[in-house]
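# Structural features, examined
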Amino acid sequence: MPRLLLALLLTPLVLQLPYLVPPYGTFTGWWFRLELVIAYTAMFLFGAPLVWLFVRKRWVAWWQSVLGGVVVASFFLILWFATSSWEHFLLNGLNLTLYAWATAAAGGLIFWFIGLWRNPRFHGPSNSFKPNPLRGSAQFRR
């Protein structure tokens, strides 16, 4: 569980690291960027419950994390466009949707690498079910 919490906290920060590269980086107040606020809000509103569901169902493959990130971005995009104006949707809807899906897919992959990749808690055989073949039948006695 600590790796999952660490992954939840680090994934939006790792997604913002390219903005520190000189063409983008100003090195002043980069953590106040709107994308970081949106990423943490989306992750804790929609991503944390989805992670809990995926772990409970043992859906821990990389493509499931990427798909989960895209689903989270889709929920947040629906909220974003429901509260924005129609002109904003027509002008920026496709660009914003593609950017959000690409960023969310990258975030899902980063989350998988930090929290689920080679995590012994989620991989390996499940020993919770041990069948007893002679249960309920007459046992042979000598």
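Residues numbered from 1 in each chain as written. Predicted model: local features only at pLDDT ≥ 70, side-chain atom pairs only at ≥ 80, totals over all residues. Heavy atoms only, no water.

## Let's talk about the packing of helix 1 (residues 2-15) against helix 4 (residues 86-116)
Rule in force here: Lines fitted to the C-alpha atoms define the axes, with helices restricted to the stretch that makes contact. Angles between their N-to-C directions range from 0 to 180 degrees. Where helices and strands are cited, they refer to DSSP runs of H or I of at least four residues and of E of at least two residues respectively, numbered from the N terminus. Left-handed describes a crossing in which the near helix is turned anticlockwise from the far one by less than a right angle; the clockwise case is right-handed. In what follows, a contact means two residues having at least one pair of non-hydrogen atoms within 4.5 Å. Gly counts as polar in this scheme, as do all residues outside two lists: the nonpolar Ala, Val, Leu, Ile, Met, Phe, Trp, Tyr, Cys and Pro, and the charged Asp, Glu, Lys and Arg.
Two elements in contact, helix 1 and helix 4, have axes whose closest approach is 8 Å; the angle formed by their N-to-C orientations is 140°. Helix 1 and helix 4 meet at a crossing whose hand is right-handed. Two secondary-structure elements touch here, helix 1 through Arg3, Leu4, Leu6, Ala7, Leu8, Leu10, Thr11, Val14 and Leu15 and helix 4 through Thr103, Ala106, Gly107, Ile110, Phe111, Phe113, Ile114, Gly115 and Leu116. Among the residues making up the contact of helix 1 with helix 4, the classes are represented as 13 nonpolar, four polar and one charged.

## Some remarks on helix 4
The criterion, for reference: Here, expected helix span is obtained from the residue count minus one, scaled by 1.5 Å. Two axes are fitted around each residue, one to the seven residues ending there and one to the seven starting there, and the angle between them is reported as the bend at that residue. Burial classes follow relative accessibility: with a 1.4 Å probe on protein chains only, a residue under 20% of its type's maximum area counts as buried, one over 50% as exposed, and anything between as partly exposed.
Taking 1.5 Å as the rise per residue, helix 4 with 31 residues should run 45 Å; its terminal C-alpha atoms sit only 40 Å apart, a clear shortfall. Of all the bends in helix 4, the greatest, near 65°, is centred on Asn92. Those residues of helix 4 that sit buried are Gly93, Thr97, Ala100, Ala104, Gly107, Gly108, Phe111, Trp112, Gly115 and Leu116. On its buried face, helix 4 is in contact with helix 1, helix 2 (34-57) and helix 3 (62-83). Residue Arg118 follows helix 4 closely and has a positive phi angle near 55°.

## Some details on helix 2
For helix 2, built from 24 residues, the straight-helix expectation of 34 Å at 1.5 Å per residue is met to within 8% by its first-to-last C-alpha distance of 33 Å. Remark: the principal bend of helix 2, roughly 45°, maps to Gly47, with a proline, Pro49, within the next four residues. Of all the positions in helix 2, only Leu36, Ala42, Met43, Gly47, Leu50, Val51 and Phe54 are classed as buried. Packing partners of the buried residues in helix 2 comprise helix 1, helix 3 and helix 4. Downstream of helix 2 by a residue or two, Arg58 has a phi angle that is positive, lying close to 60°.

## Re a nonpolar patch on the surface
For clarity, the threshold we go by: Nonpolar side chains (Val, Leu, Ile, Met, Phe, Trp, Tyr) within 5 Å and like charges within 9 Å form the patches, drawn only from residues with over 30% relative accessible area and no salt bridge. Using a 1.4 Å probe, the Shrake-Rupley method yields the accessible areas, and only the shown protein chains count as cover for residues. What makes a salt bridge here is a side-chain nitrogen of Lys or Arg within 4 Å of a carboxyl oxygen of Asp or Glu, nothing more.
A surface patch of nonpolar side chains, amounting to about 910 Å² of accessible area, comprises Trp62, Trp63, Leu67, Val71, Phe75, Ile78, Leu109, Phe113 and Trp117. When residues of the nonpolar patch are traced back to their parent elements, those giving at least two are helix 3 and helix 4. No other element matches the six residues that helix 3 contributes to the nonpolar patch.

## Side note on the packing of helix 1 against helix 2
Here is the rule: Roughly parallel covers angles under 35 degrees, roughly antiparallel covers those over 145, roughly perpendicular covers 65 to 115, and oblique covers all other angles.
The N-to-C vectors of helix 1 and helix 2 enclose an angle of 150°; their axes lie 10 Å apart at closest approach. Put simply, helix 1 runs roughly antiparallel to helix 2. For helix 1 against helix 2, the interelement crossing comes out right-handed. Contact residues: helix 1 offers Leu4, Leu8, Leu9, Thr11, Pro12 and Leu13, while helix 2 offers Leu36, Ala39, Tyr40, Met43, Phe44, Ala48, Val51 and Val55. Class assignment for the residues of the contact of helix 1 with helix 2 results in 13 nonpolar, one polar and no charged.

## Overview of the confidence of the model for the chain
Test applied: Known as pLDDT, the predictor's confidence for each residue is given on a scale from 0 to 100.
Mean pLDDT for the chain: 80, with 77% of residues reaching 70 or above. When the elements of the chain are averaged for pLDDT, helix 2 gives the smallest value, 85, and helix 3 the largest, 89.

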